[in-house]
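Listed below are the residues making up each chain.
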Amino acid sequence: MHAYDSFAHYDALIFDMDGTLVDSMPLHLDAWALTCAEFGIPFERAQLYQYGGIPTRKIIAMLAEQQGLTVDVEAFARRKIALYLEQIDRVSVFPAMWELVRQCHGKIPMGIGTGSPRNQAESILKSTGLDAYIQVVVSADDVSNHKPHPDTFLEVARQLGANPTNCLVFEDTRIGLEAGKAAGMETMLVIEGEPDPR
């Protein structure tokens, strides 16, 4: 069965980017691990993965507070982002998600709602070729209330001219799923690049 047949009744499909459409989380986490080591901050890969969708500056401020540490948030964020950008061209699209995007292209409006800054999102879309399929991208730079707030996904729906209650959000983290539900949208978990329709 074609993906399009399962999703034809939706106004729009909205995708998180990192860890959902593209396999960038390992590169993000490697950059986090290196930066945390340099700044002397304890690092837990699983915990950091669950913060996917929250901008770097907000995560580091949360970590510092949790651990009672004083951190130069700006310096940390600059270093982490620089390390990540060195690797950004290694990012690839998950095969099952590529298939879904290709099958729905031109039939159902699609957009991306990401916690990454716009320059990182655009760089990934260009290097993977996703930019030819998905025109609407709402990044961390475009909203002030990031996930788990619904603003990112509501803005994608607005730009696509879609009714939020008839949109389907694809996400790989609990925080992202919460944001989709807060927007009144249906959500589908993506596990290691495979949509999980349970």
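Residues numbered from 1 in each chain as written. Predicted model: local features only at pLDDT ≥ 70, side-chain atom pairs only at ≥ 80, totals over all residues. Heavy atoms only, no water.

### Details of the layout of surface pockets
Part 1: The space that makes up the largest pocket amounts to roughly 390 Å³.
Part 2: Along the walls of the largest pocket sit 30 residues, with Ile54, Pro55, Thr56, Gly115 and Ser116 positioned nearest its centre.
Part 3: Those elements that place two or more of their residues in the lining of the largest pocket are helix 2 (25-39), helix 4 (56-66) and helix 5 (73-87).
Part 4: Considered class by class, the residues forming the lining of the largest pocket number 11 nonpolar, 10 polar and 9 charged. (1 Å grid on protein atoms, 1.4 Å probe; cavity = no way out; pocket = protein on both sides within 12 Å on 5 of 7 lines; lining within 4 Å. Points joined across faces, edges and corners; volume = space filled by probe spheres on them. Helix = DSSP H or I, 4+ residues; strand = E, 2+ residues; numbered from the N terminus. Nonpolar A, V, L, I, M, F, W, Y, C, P; charged D, E, K, R; others polar.)

### A short note on helix 2
Part 1: Across its 15 residues, helix 2 extends 21 Å between first and last C-alpha, which sits within 8% of the 21 Å expected from 1.5 Å per residue.
Part 2: Gly40 lies just past helix 2 and shows a positive phi near 70°. (Expected span 1.5 Å × (residues − 1).)

### Section: the pattern of salt bridges
Part 1: Per the counting criterion, the structure on display carries 9 salt bridges.
Part 2: For Lys147, the salt bridge identified is with Asp16, shortest N-O distance 3.0 Å. Taken together, the residues Lys147 in the loop between strand 3 (136-138) and helix 8 (151-160) and Asp16 in the loop between strand 1 (12-15) and helix 2 connect sequence positions 131 residues apart.
Part 3: One network of salt bridges, with partners in common, ties together Asp16, Lys147 and Glu171. (Salt bridge = Lys/Arg side-chain N within 4 Å of Asp/Glu carboxyl O.)

### Considering the packing of aromatic side chains
Part 1: Summed over the entire model, instances satisfying the criterion amount to 6 aromatic pairs.
Part 2: Look at Phe15 and Phe170: their rings are 4.9 Å apart centre to centre, the planes differ by 15°, and that puts the pair in the stacked class. Here Phe170 lies in strand 4 (residues 167-171) and Phe15 lies in strand 1, a separation of 155 residues in the sequence. For the pair Phe15 and Phe170, a shared accessibility class is recorded, and that class is buried.
Part 3: Taking 5.3 Å as the distance between ring centres and 75° as the angle between the ring planes, the aromatic pair formed by Trp98 and Tyr133 counts as edge-to-face. Of the two residues, Trp98 sits in helix 6 (residues 95-104) while Tyr133 sits in the loop between helix 7 (118-128) and strand 3, which places them 35 residues apart along the sequence.
Part 4: Residue Trp98 is classed as buried on the basis of its relative accessible area of 14%.
Part 5: The lysine or arginine in question, Lys80, covers the ring of Tyr84, its NZ or CZ lying 5.2 Å from the ring centre.
Part 6: The aromatic ring of Trp98 is capped on one face by Arg102, whose charged end is 4.2 Å from the ring centroid. (Phe/Tyr/Trp six-rings, centres within 6.5 Å; stacked < 30°, edge-to-face > 60°. Buried < 20%, exposed > 50% of the residue type's maximum accessible area, 1.4 Å probe, protein only. Lys NZ or Arg CZ within 6 Å of the ring centre and 35° of its normal.)

### Here we look at the environment of Ala140
Part 1: Mapping Ala140 onto the fold places it in the loop between strand 3 and helix 8.
Part 2: Judged by relative accessible area, Ala140 falls into the buried class, the value being 12%.
Part 3: In this structure the C-alpha to C-alpha distance between Ala140 and Val93, which are 47 residues apart in sequence, comes to 20 Å.
Part 4: Every residue in contact with Ala140, bar those within four places of it in the chain, is listed here: Pro55, Thr114, Gly115, Ser116, Pro117 and His146. (Contact = heavy atoms within 4.5 Å.)

### Regarding the packing of helix 4 against helix 5
Part 1: Orientation of helix 4 relative to helix 5, taken along the N-to-C sense of each, is 125°, at an axis distance of 9 Å. Considering the angle they form, helix 4 stands oblique to helix 5. As helix 4 packs across helix 5, the resulting crossing turns out to be right-handed. Mapping the contact onto sequence places Thr56, Arg57, Ile60 and Ala61 in helix 4 and Val73, Glu74, Phe76, Ala77, Lys80 and Ile81 in helix 5.
Part 2: Grouping the constituent residues of the contact of helix 4 with helix 5 by class yields 6 nonpolar, 1 polar and 3 charged. (Axes fitted to C-alpha atoms, helices over the stretch in contact; angles between N-to-C directions. Parallel < 35°, antiparallel > 145°, perpendicular 65-115°, else oblique. Left-handed = near helix turned anticlockwise from the far one by under 90°.)

Fair warning: the whole summary comes from geometry, so function is off the table for now.
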